[in-house]
Amino acid sequence: MPRPLFPRPRRHRASSAVRLFGAAALLAVTVPAPAPLRAQPGTAAATQGRVMPGIEVLLRDSLHLVKGKRVGLLTNHSGRDRAGTSTVDLLHTAPGVTLTALYGPEHGIRGEAKAGEKIANAVDAKTGVKVYSLYGAVETPTPDMLKDVDVLVYDIQDVGARVYTYQWTLALTAAAAKKPIIVLDRPNPIRADRFEGNILDLRFRSLVGQHAVALRYGLTVGELMQYLVGTKALDAQVTVVPMQNYRRSMWYDQTGLPRVNPSPNLRTLDAELLYPGTVFFEGTNATEGRGTDAPFQLIGADYLTDHVAVAASLNALALPGVRFDTATRTIEAGYKFGGKTIPMIKVSVTDRNAVRPVELGIRMLRAFKAAHPKEFAWREPSVNAAGRIKGIDRLAGTDQLTRAVDDGTVDALIAQWNAEAARFANLVKPYLLYR
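Thresholds applied
Residues numbered from 1 in each chain as written. Predicted model: local features only at pLDDT ≥ 70, side-chain atom pairs only at ≥ 80, totals over all residues. Heavy atoms only, no water. pLDDT = per-residue confidence, 0-100. Contact = heavy atoms within 4.5 Å. Pairing = 2+ DSSP bridges. Helix = DSSP H or I, 4+ residues; strand = E, 2+ residues; numbered from the N terminus. Axes fitted to C-alpha atoms, helices over the stretch in contact; angles between N-to-C directions. Parallel < 35°, antiparallel > 145°, perpendicular 65-115°, else oblique. Left-handed = near helix turned anticlockwise from the far one by under 90°. Nonpolar A, V, L, I, M, F, W, Y, C, P; charged D, E, K, R; others polar. Phe/Tyr/Trp six-rings, centres within 6.5 Å; stacked < 30°, edge-to-face > 60°. Buried < 20%, exposed > 50% of the residue type's maximum accessible area, 1.4 Å probe, protein only. Salt bridge = Lys/Arg side-chain N within 4 Å of Asp/Glu carboxyl O.

(A) Expanded view of the confidence of the model for the protein chain. Averaged over every residue, the pLDDT of the protein chain is 88; residues scoring 70 or more account for 86%. Note that residues 1-16 has pLDDT below 50 and, in this model, 59 contacts with residues that lie over four places away or in other chains. Every residue in residues 23-46 is under pLDDT 50, and counting partners more than four places away or in other chains gives 80 contacts.

See the structure below:
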């Protein structure tokens, strides 16, 4: 099994496609052919707990990017400064800035809607600015939504996993809007120097995977956009306002930034770490833990009556950095097994630097299938699913996972996916902004 990868940044030449604006000086970054790039302002003095998010860098010394312009802001509750002030309010009151439109992703502008819940357009009560939903009937802004906008700004906390909708809402918006995009960068909470899982097969692209990137992609959202533009996967004009004092090896709780749950069911850093693997259970008839106190850390089903034996079999694999325990939970109404008390497996992180969540998720799927070959099943696609692709295949970005789990060939699949992750780590090296 390959060791975790720690790529080093390369240098950039200037290009009009992607620009990087730092705290100390304006620096044009060209993708893909680079000239010297300062990985970030203040790198030499960077210390744990002093990370400044992109929104603060913008307001401190790059306000000219939005001053005198009509600004559309794609954000949610996670877009805020270190004092907890919303980016909506910061831009609304910034001198010379006219905030004309807000765009909300999955979970809405305030992050309160449930996963998959369709959201209508509204008006922000505090600022009176129109809020357009990009999660519902419309996934990209229409010309009417953009008519009063000169530049689009993006500020949302990422989770470092391909199977998340925020970064793909950004990519779709950037491709459709044909207006300049400013990305206010934020940390990858589960380290930006770890790569795991397969590269998406574009036949399975969806809002939980739009482009050919690894499942745990080891980038900040600014770097992700820079990579997509630089490799011509995305035709857009992107400016990245980087963080100050950020290092790739940081976990979110080492940045000094206050924690905000990026979505309702990712409530802890451990859950975010496990998410790239345990999210696979969304595509099965077992539960990924929604409706419990620990989503993505509790996995179960009403048929898992042998959960003691299943947990023991998983512990026997000696997967690095985790322990499997047993639990029972009564599931909240509105979720899988709602109202029932069911047996579950609890995944506890014992060494977060050692955990390989994608392999963990695959091994857990196989354990459920092996223990309950008749009961365990993949969820069929919904009636309106694009192309009638199974949910598990959209999450995995391939149909190889289901075959490997069903056939008991997960060892070969994991080896293949590790090789793909290593290949992706090499592909992104020219586009890294931080050391």
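(B) Main features of the sheet that holds strand 13 (residues 322-330). Taken in spatial order, the three strands make up an open sheet running 12-14-13, and their pairing is antiparallel. Each end of this open sheet is capped by a strand with a single partner; those strands are strand 12 (298-300) and strand 13. Across this sheet, the average inter-strand angle for adjacent strands is 35 degrees, counted without regard to direction. As defined by bridge partners, strand 12 adjoins strand 14 (residues 341-349) across three bridges and the pair is classed as antiparallel.

(C) Structural context of the packing of helix 6 (residues 269-278) against helix 8 (residues 357-371). Two numbers describe how helix 6 lies on helix 8: the axes approach to 6 Å, and their chain directions differ by 50 degrees. One element, helix 6, and the other, helix 8, form an angle in the oblique class. Crossing hand, helix 6 versus helix 8: right-handed. Along the contact surface, helix 6 presents Leu273, Leu274, Pro276, Gly277 and Thr278, while helix 8 presents Pro357, Val358, Leu360, Gly361 and Met364. Its residues assigned to classes, the contact of helix 6 with helix 8 shows seven nonpolar, three polar and no charged.

(D) Quick peek at the packing of aromatic side chains. Tallied over the full model, the rule gives eleven aromatic pairs. When the centroid spacing of 5.8 Å and the interplanar angle of 85 degrees are considered together, the rings of tyrosine 164 and tyrosine 275 count as edge-to-face. Here the residue tyrosine 164 occupies a position in the loop between strand 7 (151-155) and helix 4 (166-177), and tyrosine 275 occupies one in helix 6, the gap between them amounting to 111 residues. For the pair shown, tyrosine 164 and tyrosine 275 are each scored as buried. Chaining the aromatic ring pairs together yields one cluster made of Tyr164, Tyr166, Tyr275 and Phe296.

(E) Broad picture of the pairing of strand 14. Most of strand 14 sits out of view: seven of its nine residues are buried. Looking at chain direction, strand 13 and strand 14 are connected through nine bridges and run antiparallel. Of the residues in strand 14, the one forming a bridge with valine 322 is valine 349.

(F) Broad picture of the pattern of salt bridges. Scanning the entire structure with this criterion turns up 25 salt bridges. Among the salt bridges present, the one from arginine 82 reaches glutamate 56, with a minimum N-O distance of 2.7 Å. Residue arginine 82 is found in the loop between strand 3 (70-75) and helix 2 (87-93), and its partner glutamate 56 is found in helix 1 (residues 54-61); the two are separated by 26 residues along the sequence. In this structure glutamate 56 comes out as buried when scored by relative accessible area, which is 17%. Note that arginine 363 is salt-bridged to glutamate 359, the shortest N-O span being 3.2 Å. Of this pair, arginine 363 and glutamate 359 both sit in helix 8, four residues apart, roughly one helical turn. On the basis of relative accessible area, arginine 363 is assigned to the buried category, the value being 18%. Under the relative-accessibility criterion, glutamate 359 is labelled buried at 7%. One salt-bridge network, in which partners are shared between bridges, spans Glu282, Glu288, Arg290 and Lys336.

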